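Listed below are the residues making up each chain.
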Amino acid sequence: MLLCVDCGNTNTVFAVWNGAEIVATFRTSTEHQRTADQYYVWFSTLMEHRGIPIDIDAVIVSSTVPRVVFNLRVFSDRYFSCRPRVVGKPDCALPIEPRVDAGTRVGPDRLANAAGAWDRHGGDLIVVDFGTATNFDVVAEDGAYVGGVIAPGVNLSLEALHVAAAALPHVDVTMPPQVIGRNTVDCMQSGVFWGYVGLISGICARIKSEYGRPMKVISTGGLAPLFQQGDTLFDMFEDDLTIHGLTVIHSYNHKNGVHPAP
């Protein structure tokens, strides 16, 4: 079985793939201090609770937090006797190499999203990923990542508003009952919710105009379903897009005999 690890700035997702489907998914907060042993105690306890044998024979990692990669490598080496593939490293090949400016380092989550979206939907796509940042990834007809847009994440914007303005409370992200708020909380929620609806629709429209051909818009990330109800923003929602992309990248490397560096 393959263990896929998607490590973002806020949360880390562990997903177990048996070659045909994802059989377990676990989420934890991202902490660079967490040791290999702590990862294993947490992971093995959850696997045993679900009644799933811990028969991991391969690991692939996507991490936007470089400091956690070392301990994830030790975790894989020590407990599964395998060297993990790390997306973005030279020993982890991509089905289609990105076409961006020379010297540009593309986030591994964006590369995984491109691979997963292309495998499921073909090319000419915009992938909107709601994470700590809100990423817009453009996937060409042949599956190559060709650029995108990075905007502040929804929760990050709310937190900044709360921190910078002492009189404003911390509020949850939700669709307000109406655009015009009649109290402070409704005003803040309306500004964030409808502001991001406008941001998403506006950026996608500009990308489509610049790209010059019909495109599908795919959403992923925790807040994507919330924003789907506010307008017809997306053609499809994919809950597990990044993880699926990791399985696609792993399969490509395995079939082509590309092995992780020792």
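Residues numbered from 1 in each chain as written. Predicted model: local features only at pLDDT ≥ 70, side-chain atom pairs only at ≥ 80, totals over all residues. Heavy atoms only, no water.

Trainee: Sorry, what's going on with the overall build of the protein chain here?
Mentor: Helix and strand counts for the protein chain come out as 7 helices and 10 strands. Rg of the C-alpha trace for the protein chain: 19 Å, near the compact-globule value of 18 Å for 262 residues, within the 12% margin. With the principal axes as the frame, the protein chain shows a C-alpha extent of 60 × 40 × 35 Å. A total of 262 residues make up the protein chain; the buried ones form 48% of that total. As displayed, the protein chain has an accessible area near 12,800 Å², and 53% of this comes from carbon and sulfur atoms. Between the mean site of the 19 positive side-chain charges and the mean site of the 27 negative ones, the protein chain shows a separation of 3 Å. (Helix = DSSP H or I, 4+ residues; strand = E, 2+ residues; numbered from the N terminus. Rg over C-alpha atoms; globule rule 2.2 N^0.38 Å. Buried < 20%, exposed > 50% of the residue type's maximum accessible area, 1.4 Å probe, protein only. Areas by Shrake-Rupley, 256 points an atom, 1.4 Å probe, with all protein chains shown as cover. Lys, Arg positive; Asp, Glu negative; His and termini not counted. Charge placed at Lys NZ, Arg CZ, Asp CG, Glu CD.)

Trainee: Sorry if this is basic, but what is going on with the packing of helix α4 (residues 154-164) against helix α5 (residues 184-211) here?
Mentor: Between two packed helices, what matters for the description is the angle formed by their axes and the separation of those axes. One can describe the packing of α4 onto α5 by two numbers: an axis separation of 11 Å at closest approach and a directional angle of 145°. At the point where α4 passes α5, the crossing takes the right-handed sense. In this structure, α4 uses Val154, Ser157, Leu158 and Leu161 to contact α5, whose residues at the interface are Met188, Val192 and Tyr196. By residue class, the composition of the contact of α4 with α5 is 6 nonpolar, 1 polar and no charged. (Axes fitted to C-alpha atoms, helices over the stretch in contact; angles between N-to-C directions. Left-handed = near helix turned anticlockwise from the far one by under 90°. Contact = heavy atoms within 4.5 Å. Nonpolar A, V, L, I, M, F, W, Y, C, P; charged D, E, K, R; others polar.)

Trainee: Would you mind going over the side chain of Ser62 with me for this structure?
Mentor: By secondary structure assignment, the location of Ser62 is in strand β4 (residues 58-63). Since its relative accessible area comes to 0%, Ser62 is described here as buried. A distance of 3.3 Å separates the side chain of Ser62 from the backbone nitrogen of Asp109, its partner in a polar contact. Residue contacts for Ser62: discarding those within four places in its chain leaves Val5, Asp6, Cys7, Pro108, Asp109 and Leu246. (Polar contact = N/O pair within 3.5 Å; in protein donor to acceptor, adjacent residues only side chain to side chain.)

Trainee: I'm lost on the packing of aromatic side chains in this one. Help?
Mentor: How two aromatic rings sit relative to each other is given by the distance of their centres and the angle of their planes. Following the criterion strictly, the structure yields 18 aromatic pairs and no others. Feature note: the residues Phe14, Phe26, Tyr39, Tyr40, Trp42, Phe43, Phe75, Tyr79 and Phe80 constitute an aromatic cluster, connected by ring pairs. (Phe/Tyr/Trp six-rings, centres within 6.5 Å; stacked < 30°, edge-to-face > 60°.)

Trainee: Looking at this model, I keep getting lost on the sheet that holds strand β2 (residues 11-17). Mind explaining?
Mentor: Across a sheet, paired strands are connected by hydrogen bonds in the backbone, their directions being either parallel or antiparallel. Taken in spatial order, the 5 strands line up as β3-β2-β1-β4-β5 in an open sheet, and their pairing is mixed. Since the sheet does not close on itself, it has two edges, and those belong to β3 (22-29) and β5 (85-86), each with one partner. Alignment of strand β1 (residues 2-7) against β2, held across 6 bridges, turns out to be antiparallel. Looking at the pairing, Cys7 lines up with Thr12 of β2. Here helix α2 (residues 69-80) sits on the sheet in contact with β1, β2, β4 and β5, set at roughly 170° to β4. Of the strands in this sheet, β1, β2, β3, β4 and β5 are in contact with helix α7 (residues 241-255), which crosses β1 at around 130°. (Pairing = 2+ DSSP bridges.)

Trainee: Got a minute to help me understand the packing of helix α3 (residues 108-121) against α7 in this structure?
Mentor: Across the interface, α3 lies against α7 with an axial gap of 7 Å and an inter-helix angle of 85°. Between α3 and α7, the angle falls in the class roughly perpendicular. Along the contact surface, α3 presents Asp109, Leu111, Ala112, Asn113, Ala115, Gly116, Ala117, Asp119 and Arg120, while α7 presents Leu241, Thr242, His244, Gly245, Leu246, Val248 and Ile249. Here the residues of the contact of α3 with α7 sort into 8 nonpolar, 5 polar and 3 charged. (Parallel < 35°, antiparallel > 145°, perpendicular 65-115°, else oblique.)

Trainee: I keep staring at the nonpolar core and nothing clicks. Help me out?
Mentor: A general feature of soluble globular proteins is that nonpolar side chains tend to end up buried together. Membership of the largest hydrophobic core comes to 26 residues, with the highest contact counts inside it found for Ile60, Val87, Leu246 and Ile249. Of all the secondary structure elements, the ones that give two or more residues to this core are β1, β2, β4, α3, β6 (125-130) and α7. In contact with Ile60, not counting residues within four places along its chain, are Leu2, Leu3, Cys4, Val5, Arg85, Val87, Leu246, Ile249 and His250. Listed in part, the 25 residues of the second largest apolar core include Val128, Phe136, Val173 and Ile203. (Core = buried A, V, L, I, M, F, W, Y, C linked by side-chain atoms within 4.5 Å.)

Trainee: How should I be thinking about the pairing of β2 in this particular structure?
Mentor: Two faces, one strand: in a regular strand the side chains alternate between the faces of the sheet. The buried fraction of β2 amounts to 6 of the 7 residues, a majority that puts the element mostly inside the structure. As consecutive antiparallel partners, β1 and β2 are separated by 3 residues. As paired elements, β2 and β3 share 7 bridges and run antiparallel to each other. Looking at the pairing, Phe14 lines up with Phe26 of β3. Where β2 folds back onto β3 in an antiparallel hairpin, the turn is made up of 4 residues, including Gly19, whose phi is positive at roughly 100°.

Trainee: Looking at this structure, I do not really get α5. What am I missing?
Mentor: Each full turn of the α-helix corresponds to 3.6 residues, which orients residues three or four apart in the same direction. With 28 residues, α5 extends 40 Å from end C-alpha to end C-alpha; this agrees with the ideal 40 Å at 1.5 Å per step. Buried residues belonging to α5 abut β6, β7 (133-139), β8 (145-152), α4, β9 (216-221) and α6 (224-228). A distance of 3.2 Å separates the backbone nitrogen of Val185 from a side-chain oxygen at the start of α5, and that oxygen is part of Asn183. Immediately downstream of α5, the backbone of Gly212 shows phi near 85°, a positive value. (Expected span 1.5 Å × (residues − 1).)

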